[in-house]
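Each chain, letter by letter, is given below.
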Amino acid sequence: MKRGWKRFWLCASSLALLPALVASPQSHVKKRANELTLAGLRPGQSKIAQAEKVFASLEQRQPADGVFEWSDACNGWILHAEADDTGVVQVVTVTALALTSKSDCSREGELKSRKLWSAGRGIALGNSRQHVSQLYGQPDSRSPSLRGSHELELYFYSFDWAGSDVPQVMEVYCDRVTGRVVEITLAFPSL
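Residues numbered from 1 in each chain as written. Predicted model: local features only at pLDDT ≥ 70, side-chain atom pairs only at ≥ 80, totals over all residues. Heavy atoms only, no water.

Attention shifts here to the overall build of the protein. Each helix and strand in the protein was counted, giving 4 helices and 8 strands. Tracing the protein from N to C terminus, the helices and strands come up as α-α-β-β-β-β-α-α-β-β-β-β. Here the contacts in the protein between residues at least 6 apart in sequence split such that 50% fall between residues at least 24 apart. (Helix = DSSP H or I, 4+ residues; strand = E, 2+ residues; numbered from the N terminus. Contact = heavy atoms within 4.5 Å.)

A few words on the packing of aromatic side chains. Under the defined criterion, the tally for this structure stands at 6 aromatic pairs. Ring geometry for F55 against W117: centres 5.7 Å apart, planes inclined by 75°, an arrangement best described as edge-to-face. Of the two residues, F55 is situated in the loop between α2 (48-54) and β1 (59-64) and W117 in the loop between α3 (107-116) and α4 (129-136); the sequence distance between them amounts to 62 residues. An identical accessibility class is assigned to F55 and W117; each is buried. With centroids separated by 5.6 Å and ring planes inclined at 55°, the aromatic side chains of W77 and W117 adopt a geometry described as tilted. Of this pair, W77 sits in strand β3 (residues 77-83) while W117 sits in the loop between α3 and α4, and the two are 40 residues apart along the sequence. Per residue, the accessibility class of W77 equals that of W117, and both read buried. An aromatic cluster of at least three residues, connected via ring pairs, comprises F55, F68, W70, W77 and W117. Lying across the ring of Y173, R147 places its NZ or CZ 4.8 Å from the centre. (Phe/Tyr/Trp six-rings, centres within 6.5 Å; stacked < 30°, edge-to-face > 60°. Buried < 20%, exposed > 50% of the residue type's maximum accessible area, 1.4 Å probe, protein only. Lys NZ or Arg CZ within 6 Å of the ring centre and 35° of its normal.)

For the rest of this paragraph, the subject is the confidence of the model for the protein. The predicted structure's coordinates, where accompanied by low pLDDT, should not be read in detail. The share of residues in the protein with pLDDT of 70 or more is 74%, and the mean pLDDT across the chain is 81. Counted against residues more than four places away or in other chains, residues 5-29, with its pLDDT under 50, gives 3 contacts. (pLDDT = per-residue confidence, 0-100.)

The strand order across the open sheet formed by 8 strands is β1-β2-β3-β4-β8-β7-β6-β5, and the pairing between neighbours is antiparallel. Looking along the sheet, the strands with just one partner apiece sit at the ends: β1 and β5 (141-147). The sheet shows a mean angle of 20° between the axes of neighbouring strands, taken without regard to direction. Sheet strands touched by α4: β6 (150-158), β7 (169-175) and β8 (181-187). Its angle to β6, the strand with the most contacts, is close to 5°. (Pairing = 2+ DSSP bridges. Axes fitted to C-alpha atoms, helices over the stretch in contact; angles between N-to-C directions.)

Mapped onto the fold, A39 is located in the loop between α1 (3-21) and α2. Residue classification places A39 among the buried positions, given a relative accessible area of 1%. For the pair A39 and A124, spaced 85 residues apart in the sequence, the C-alpha separation amounts to 9.2 Å. Here A39 is in contact with F55, L79, V94, L116, W117 and S118, once residues within four sequence places are set aside.

For a regular strand, side-chain orientation follows a simple rule: the groups alternate between the two sheet faces. Where β1 meets strand β2 (residues 67-72), 4 bridges bridge the pair, whose relative direction is antiparallel. Considered in β2, the bridge of A64 is made with V67. Hairpin geometry of β1 and β2 is characterised by an intervening segment of 2 residues between the two adjacent antiparallel strands and by a positive phi of about 80° at G66.

Here it is, written out as structure tokens:
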């Protein structure tokens, strides 16, 4: 190939790559994702009676009016739900921070239970903080938190951009050392 042709092809190749290098910043921005459910419940729509049916096999208690808790001793988890006067769930929390000991149980029971306790997009207790960011993007805020002797990191997501008919807020707490999710709260009203 002649020298002139080599320069031509080098310039042509460089020009062909230019659009990819100068792509608009919008093309690299990951879409935000909101969450609708946690533990099979949709804050603002699900009734507490639905939770009572789904979690009937677990130990239930009602520490206050409109507050319901189910404990899964197999995994060491608690589901906390707050309902309004009409029985509509407003806030759902799943946590691994409340029970201090686990019961012996089958691995099969644990695996079935894990899916039931997850959010609609699949985030669950024990997931990594990187997995949370992959599913929902960067949080609106991130801050250290302390719960008893547990050093945590709070990831706060606001979903007001998704409309007023969806849950508005999600809080994800990760263990500061391991980076694993230890608590998730999804709320219809703002917290």
